[in-house]
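# Coordinates in review
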Amino acid sequence: MKAARSSVVSKKGTPWGTIIAVVAIVALAASVVTYYMIASAPKRDQKTREEAAAAFAPSQQDPDPSKRINGVTTTTYEGSVHVTAAERVAYDKTPPYGGPHDQAWAACNGVVYPNAVRNENMVHGLEHGAVWIAYNPQQISGEALDLLKVRVEGKPYTTMSPYPNLDKPISLQSWGHQLKLDSASDDRIDQFIAALRTNPYGAYPERDATCDAQIEPGEFNPAPPGPDAKPMDYKGTAGTQQDQGAAGQPSQPPATQPSAPASK
């Protein structure tokens, strides 16, 4: 009997195939979880930053919370003053954050432009309530660049582009507001966005205008504006598209402006 039992046990053996399969499944599951945790970390971290910045959301009692953000500068600009695609504006700030601008706006719903783009197109997006993150490509790259991108990609009324020879590593613009910073990890980036992106209490001229135009903006011109550039007190070029009609309808891209999918 003992010999028979021993024979049965020896014939049964260790189920190595099953063990290997189970180990492989567990290892695969662990790798998937690990990959997910690593891949989703930037978005989870950004959610935490946005939750912390929610204290800067505007309200009737606090219509412009950016006044509580150290370093924000403000300037009052008149809206709805347009130039054509062939004209330049002699902006008073770098990057500009208000004043005359192109009749067409650059798409600004979560678009990260890989190359520097025309100021006049970007300023029009600010008039619609967008926040524009500009950065010096010689100073911001790698992880710092990724940290800026996660604040923009897929976010409504937010856009980003390199800005050659920027005097600071990072500059944030909304209509009439600017904040220049040294670090992509600065909490004031999220505070600025929370306070000013589509702020409904008069922080930008054109309420309810779209950022979905999908206009391909012109190329950035690094040369100083020439003597024919339009001054900051310019009243607009005849024949350019108006921002709003008499009924206050949201802007639409002018029919004469070429359209194309925005670069991402």
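Residues numbered from 1 in each chain as written. Predicted model: local features only at pLDDT ≥ 70, side-chain atom pairs only at ≥ 80, totals over all residues. Heavy atoms only, no water.

### Let's talk about the overall build of the protein
Along its length, the protein carries 5 helices and 8 strands. Ordered by position in the sequence, the α and β elements of the protein form the string α-α-β-β-β-β-α-β-α-β-β-β-α. For the protein, the residues scored as buried account for 43% of the 264 residues in total. Long-range pairs, those at least 24 residues apart, make up 76% of the contacts in the protein with a sequence separation of at least 6. A total of about 14000 Å² of accessible surface is found on the protein, and carbon and sulfur atoms cover 55% of it. (Helix = DSSP H or I, 4+ residues; strand = E, 2+ residues; numbered from the N terminus. Buried < 20%, exposed > 50% of the residue type's maximum accessible area, 1.4 Å probe, protein only. Contact = heavy atoms within 4.5 Å. Areas by Shrake-Rupley, 256 points an atom, 1.4 Å probe, with all protein chains shown as cover.)

### Some words on the environment of A104
Mapped onto the elements, A104 comes out in the loop between β3 (101-102) and β4 (109-112). Sequence separation of A104 and N121 is 17 residues, and the distance between their C-alpha atoms is 6.2 Å.

### Section: a nonpolar patch on the surface
Judged by side-chain polarity, W16, I19, I20 and V23 come together as a nonpolar surface patch covering roughly 430 Å² of accessible area. Looking at the secondary structure, you find I19 in helix α2 (residues 16-53). (Patch = residues over 30% accessible without salt bridge, like charges linked within 9 Å, V, L, I, M, F, W, Y side chains within 5 Å. Salt bridge = Lys/Arg side-chain N within 4 Å of Asp/Glu carboxyl O.)

### Observations concerning the side chain of T158
Positionally, T158 belongs in strand β6 (residues 158-162). Exposure remark for T158: the relative accessible area of 0% places this residue in the buried category. In this structure, T158 is in contact with C108, N109, G110, V111, V131, R151, V152 and R197, ignoring residues within four places of it in sequence.

### So, the packing of aromatic side chains
This model, assessed by the stated rule, comprises 4 aromatic pairs. Here a set of aromatic residues connected by ring pairs shows up, and it is made of Y77, Y97 and W175. (Phe/Tyr/Trp six-rings, centres within 6.5 Å; stacked < 30°, edge-to-face > 60°.)

### Here's the deal with the sheet that holds β4
With mixed pairing, the 6 strands of this open sheet are ordered in space as β1-β8-β7-β5-β6-β4. Single-partner strands in this sheet number two, and they are β1 (73-74) and β4. Inspection of the sheet shows strand β5 (residues 131-135) paired to strand β7 (residues 170-174) by 4 bridges, in the antiparallel sense. When the bridges of β7 are listed, A134 appears paired with S171. Seen against the sheet, helix α3 (residues 119-127) touches β5, β6 and β7 and runs at an angle of roughly 145° to β5. Docked against the sheet, helix α5 (residues 188-196) engages β5, β7 and β8 (177-181), running at close to 170° with respect to β8. (Pairing = 2+ DSSP bridges. Axes fitted to C-alpha atoms, helices over the stretch in contact; angles between N-to-C directions.)

### Some thoughts on the state of the cysteines
Going through the model one piece at a time under the given rule, you end up with 1 disulfide. Each sulfur of the disulfide joining C108 and C211 lies 1.8 Å from the other. Residues C108 and C211 are joined by a disulfide whose S-S torsion is about -85°; by sign, that bridge is left-handed. On the criterion of sequence distance, the pair formed by C108 in the loop between β3 and β4 and C211 in the segment after α5 is long-range, its members being 103 residues apart. Classification of C108 as buried rests on a relative accessible area of 2%. (Disulfide = S-S within 2.5 Å.)

### Notes on the side chain of K230
Looking at the secondary structure, you find K230 in the segment after α5. Setting aside residues no more than four positions away along its own chain, K230 makes contact with V83, E87, R88, V89 and A90.

### Quick word on the pattern of salt bridges
One pass over the full model with this rule turns up 10 salt bridges. Here R68 and D62 are joined by a salt bridge, their closest N and O atoms 2.9 Å apart. Residues D190 and R151 are paired through a salt bridge, measuring 2.9 Å at the closest nitrogen-oxygen approach. Residue D190 is located in helix α5, and its partner R151 is located in the loop between α4 (142-149) and β6; the two are separated by 39 residues in the primary sequence. Accessibility expressed as a relative area gives 5% for D190, which makes it buried. Three or more residues are tied together by salt bridges with common partners; here these are D102, R118 and E120.

### As for α5
For α5, the buried fraction is high: 7 of the 9 residues fall into the buried class. Of all the positions in α5, only I189, D190, Q191, F192, I193, A195 and L196 are classed as buried. Immediately downstream of α5, the backbone of T198 shows phi near 45°, a positive value.

### Side note on the pairing of β7
Summarising burial for β7: 5 of the 5 residues are buried, a large majority. Of the two faces of β7, the one lined by I170, L172 and S174 and the one lined by S171 and Q173 are each fully buried. Relative to β8, β7 runs antiparallel, the two sharing 5 bridges. When the bridges of β8 are listed, S171 appears paired with K180. Linking β7 to β8, which pair antiparallel, is a turn of 2 residues; within it G176 sits at a positive phi near 80°.

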